[in-house]
Every structure is written in C-alpha cells, then in structure tokens.
Amino acid sequence: MTLALTELPEAVQEAVARTRERVAALHAELPRNGLVVWTAGNVSERVPRPSADASPASTPSADPAETPELFVIKPSGVSYDDLSPENMVVCTLDGEKIADGTHEALSPSSDTAAHAYVYRHMDHVGGVVHTHSTYATAWAARGEEIPCVLTMMADEFGGPIPVGPLAVIGDDSIGRGIVETLRGSRSRAVLMRNHGPFTIGRDARDAVKAAVMCEEVARTVHVSRQLGQELEIPENLVDSLFERYQNVYGQGDDPRA
Ligand SMILES: O=C(CO)[C@@H](O)[C@H](O)COP(=O)(O)O
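Under an unreviewed UniProt entry, the name given to the chain is L-ribulose-5-phosphate 4-epimerase, and the organism recorded is Brachybacterium halotolerans. In its Sequence similarities (unreviewed entry) section, the UniProt record describing the chain reads: "Belongs to the aldolase class II family. AraD/FucA subfamily." Turning to the chain, the UniProt record has this under Catalytic activity (unreviewed entry): "L-ribulose 5-phosphate = D-xylulose 5-phosphate".

Laid out in structure tokens, this is it:
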C-alpha cells in the first residue's frame, strides 16, 4: 500500500513541508550559478526526523521516529521556472514516490534511484546534487580525476575529485558507483564517467555549494592546463588546509553564513 503523507504524524508533515520549500528554492541556484541547461540537473534533501515527542497526542498516532525515512526531489523534466514547494516529490529511501499530494502522474527525477541509494548507504549525507556542468562534465568525459592543485580544492574537497564508473541511468548502478567512489574519500564530489558530477553534503545547501565549487575548480584547473603543467600541493599542506577550512573558516553554524 502506498504511504500517504496526510496519514503521517503532523511533525513529519511539517518537516516535509519545510524540506519542500528548501529544495524548491535551491533548484534556482543551479541555473543561477550556470550549472545546468534546460532541466538537466537535480537537488534532493533527506527529511530531518522530528523527535518522538514532537507530535501532539491529537495528531495521527504513529511515532515520528518509526515512520519510514523520506527525501524530497524535483519532478523529472520540469522547467526550473515552474518548480515550487507544491510540486516537489516526496519519496521513501527505496526511491518510491509516496502519496504526497502531487498528481499521481508526476514522476520524480530520473536520478531518484541514485539519490535514494546514497541516502540508504551514507547516513551522514543529508543532501545530494547532480548536474551536467560543463567543465566538470568535460573531465568526466575523459574519465580523468581533477588533481588537487588549488588551495580552494584542498579546502573544499581535501584532495583530488575522483572519477566514478560508467553506470546506467534509472537503477542502483549510479548510486553504487557514487558510494563506492566517495566512501573513504574526503571529496564531496565524484565525476561519474561519461556522465557528470554528483555531490553530497550534510544538507541540500551544502551539496549545492559542493556542486558550485566542483565546477569552479574544474574550470580553473582546465584553464591552467592550457598554460602549462600544474603543480600539485604537498599532501601535508592539503591536510592542514582542509582541516582549517572545515573547522575554522566562516561563521560556525550560523545559518546566515
Ligand atoms: O542525466 C540525466 C538524464 O540523462 C538527468 O540528470 C537529467 O538531465 C535530469 O533529469 P531529471 O532530474 O529532470 O529527470
């Protein structure tokens, strides 16, 4: 039986509504940052689990902690201008759309299975992004990792941006490739061979940032290569740059930062 959003505890429904708002708004960052053409990219976010005592007794009775984990992703092939919180699709971590109030025929992104696989296998991941941004995809087309030759890369990715396998679209293959490549790596971006970048983050905003940074460093290292051989950064310096940027840079957990 299909899970219905309206039958889930109120606290879960509220968490879904807030996630839909964030994910819809973040999709606008893809064209704004020049990462996509037409409809070729997607953002998703895991719905944060409300605490067990967050629902008043009068609301649908299930314990929020016992309802299946959910994530929100855009519908497939819909123009970025037409995306809104109302048409964001809600799925279980098996990649199945629930009865979420959208039209039954509205299909989730064609990359839903890949996003779902990542959420099932990487508990710390709260957001996933996929684009076909030009420079990152050009490296993916050659199947070549981006070497860590910029302090910005050391800061953000803690090393090179690796290449994942050539994988078919629509089933678990892409997700498996992402997880196998990024497990044990500090990079939050992977260049899926002949396809394009996938990025992960603690939430969707963090994964969008990684997608923007991935394209920026792909472009800069490409330009540098036109001028000569780039210089690698020594590993101990990469480590200390990564450590500082991840722990000291910015405004801590201030959401305005
Ligand atoms: O790579 C592909 C399809 O080949 C996808 O990434 C699309 O480019 C975006 O698909 P939707 O999210 O709109 O289904």
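Caption draft 1: How the structure looks around the confidence of the model for the chain. Averaged over every residue, the pLDDT of the chain is 94; residues scoring 70 or more account for 94%. The ipTM value of the predicted complex is 0.97, and its pTM value is 0.95.

Caption draft 2: Summary view of the sheet that holds strand E5 (residues 163-164). Pairing is mixed in the open sheet, where seven strands are placed in the order E3-E2-E1-E4-E7-E6-E5. Single-partner strands in this sheet number two, and they are strand E3 (89-92) and E5. Across five bridges, strand E1 (residues 41-46) lies against strand E4 (residues 127-131) in antiparallel orientation. Each bridged residue has a counterpart across the sheet, and for Ser-44 the counterpart in E4 is Val-128. Here helix H6 (residues 173-182) sits on the sheet in contact with E5, strand E6 (189-192) and strand E7 (196-201), set at roughly 130° to E6.

Caption draft 3: Geometry of the site of the ligand. Inspection of the region around the ligand gives 14 residues, with Asn-42, Ser-76, Ser-109, Ser-110 and Asp-111 positioned closest. A distance of 2.9 Å is found between an oxygen atom of the ligand and a side-chain nitrogen or oxygen belonging to His-132. Across the complex, the protein chains shield 81% of the 380 Å² of accessible surface that the ligand would expose by itself. Class assignment for the residues of the shell around the ligand results in two nonpolar, ten polar and two charged.

Caption draft 4: Here's a closer look at unusual backbone geometry. Within the chain, Trp-38 stands out as a residue other than glycine whose phi angle is a positive 50°. Mapped onto the elements, Trp-38 comes out in the loop between helix H2 (29-32) and E1. For Trp-38, a relative accessible area of 78% gives the class exposed. One non-glycine residue with positive phi stands out, namely Asn-194, at about 60°. The topology assignment puts Asn-194 in the loop between E6 and E7.

Caption draft 5: Spotlight on the packing of helix H3 (residues 112-121) against H6. Between H3 and H6, the shortest axis-to-axis distance is 7 Å and the interhelical angle comes to 40°. Between H3 and H6, the crossing angle belongs to the class labelled oblique. The handedness of the crossing between H3 and H6 comes out as right-handed. Residues Ala-114, Tyr-117, Val-118 and His-121 of H3 touch H6, and the partners they reach there are Ile-174, Gly-175, Arg-176, Ile-178 and Val-179. When grouped by side-chain class, the residues that make up the contact of H3 with H6 number six nonpolar, two polar and one charged.

Caption draft 6: The environment of Cys-91, seen in detail. Note on placement: Cys-91 falls in strand E3. In this view, Cys-91 contacts Glu-69, Leu-70, Phe-71, Ile-73, Glu-96, Lys-97, Ile-98, Pro-108 and Thr-112; residues no more than four positions away in its chain are not counted.

Caption draft 7: Layout of the pattern of salt bridges. Applying the stated criterion across every chain yields a total of 15 salt bridges. Across the pair Glu-45 and Arg-22 runs a salt bridge, and its minimum N-O distance is 2.7 Å. In this pair, Glu-45 is assigned in strand E1 and Arg-22 in helix H1 (residues 10-27), connecting sequence segments 23 residues apart. Two residues, Asp-155 and Arg-244, come together in a salt bridge whose shortest N-O distance is 4.0 Å. Here Asp-155 is found in helix H5 (residues 151-157), whereas its partner Arg-244 is found in helix H8 (residues 235-247), with 89 residues between them in sequence. Look at Arg-244 and you get partly exposed, because its relative accessible area is 40%. Counted as one network, the salt bridges with shared partners bring together Glu-156, Arg-188, Arg-202, Asp-206 and Lys-209.

Caption draft 8: Inspection of the nonpolar core at higher detail. Val-16, Leu-30, Val-43, Leu-70 and Val-129 are the most contacted members of the largest nonpolar core, which totals 26 residues. Those elements that provide at least two residues to this core are H1, strand E2 (70-73) and helix H7 (204-227). Apart from residues lying up to four places away in sequence, Val-16 is in contact with Leu-5, Val-47, Leu-70 and Val-90.

Rules behind the numbers
Residues numbered from 1 in each chain as written. Predicted model: local features only at pLDDT ≥ 70, side-chain atom pairs only at ≥ 80, totals over all residues. Heavy atoms only, no water. UniProt positions renumbered as here; feature names shortened; annotations may be inferred. pLDDT = per-residue confidence, 0-100. Pairing = 2+ DSSP bridges. Helix = DSSP H or I, 4+ residues; strand = E, 2+ residues; numbered from the N terminus. Contact = heavy atoms within 4.5 Å. Axes fitted to C-alpha atoms, helices over the stretch in contact; angles between N-to-C directions. Near = heavy atom within 4 Å. Polar contact = N/O pair within 3.5 Å; in protein donor to acceptor, adjacent residues only side chain to side chain. Areas by Shrake-Rupley, 256 points an atom, 1.4 Å probe, with all protein chains shown as cover. Nonpolar A, V, L, I, M, F, W, Y, C, P; charged D, E, K, R; others polar. Buried < 20%, exposed > 50% of the residue type's maximum accessible area, 1.4 Å probe, protein only. Parallel < 35°, antiparallel > 145°, perpendicular 65-115°, else oblique. Left-handed = near helix turned anticlockwise from the far one by under 90°. Salt bridge = Lys/Arg side-chain N within 4 Å of Asp/Glu carboxyl O. Core = buried A, V, L, I, M, F, W, Y, C linked by side-chain atoms within 4.5 Å.

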